[in-house]
Amino acid sequence: MDERSQAWAKARDIVAAYERFLSENEGLAEGCGSQFALRAFDADRNDFEADALEVLQELIAAGG
């Protein structure tokens, strides 16, 4: 598998994991829950955003 295909596969995996994360944490995604749970949710969401940014950079480097 070439670099571009690997980056696209990684992007699909991140999107699928993020969708599962949101569906499993639907109440938190809507802002319902304790402050501790909401902070943990935000930290996890930030991790997904960082992963997404990384894979976008890989896609750009691989020629999209």
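Here's a quick rundown of the structure. Quick caveat, the model's predicted, so the values are computed rather than measured.

This part takes up the pattern of salt bridges. With the rule as written, the count across this model stands at 3 salt bridges. Between Lys-10 and Glu-54 there is a salt bridge, with its nearest N and O atoms 2.9 Å apart. Highlighted residues: Lys-10 in helix 1 (residues 3–24) and Glu-54 in helix 3 (residues 35–61), separated in sequence by 44 residues. Residue classification places Lys-10 among the partly exposed residues on the basis of a relative accessible area of 30%. Looking at Glu-54, the relative accessible area reads 38%, which means it is partly exposed. Across the pair Lys-10 and Glu-58 runs a salt bridge whose closest N-O atoms are separated by 3.1 Å. Pair noted here: Lys-10 is in helix 1 and Glu-58 is in helix 3, with a separation of 48 residues, a long-range link. Within the structure, one salt-bridge network assembled from shared partners comprises Lys-10, Glu-54 and Glu-58.

Analysis parameters
- The numbering scheme is per chain: residues are counted from 1 as the chain's sequence reads.
- Only residues with pLDDT of at least 70 get local features here, since the model is predicted, and only at 80 or more are side-chain atom pairs given and counted; chain-wide, interface and lining totals rely on the full set of residues.
- In computing side-chain properties, one takes all heavy atoms of the structure into account and sets aside hydrogens as well as water.
- Criterion for a salt bridge: a side-chain nitrogen of Lys or Arg within 4 Å of a carboxyl oxygen of Asp or Glu.
- Helix and strand definitions follow DSSP, with helices as H or I runs of at least four residues and strands as E runs of at least two, each counted in order from the N terminus.
- We call a residue buried when its accessible area falls under 20% of the maximum for its residue type, exposed when it is over 50%, and partly exposed in between, using a 1.4 Å probe and counting protein chains only.

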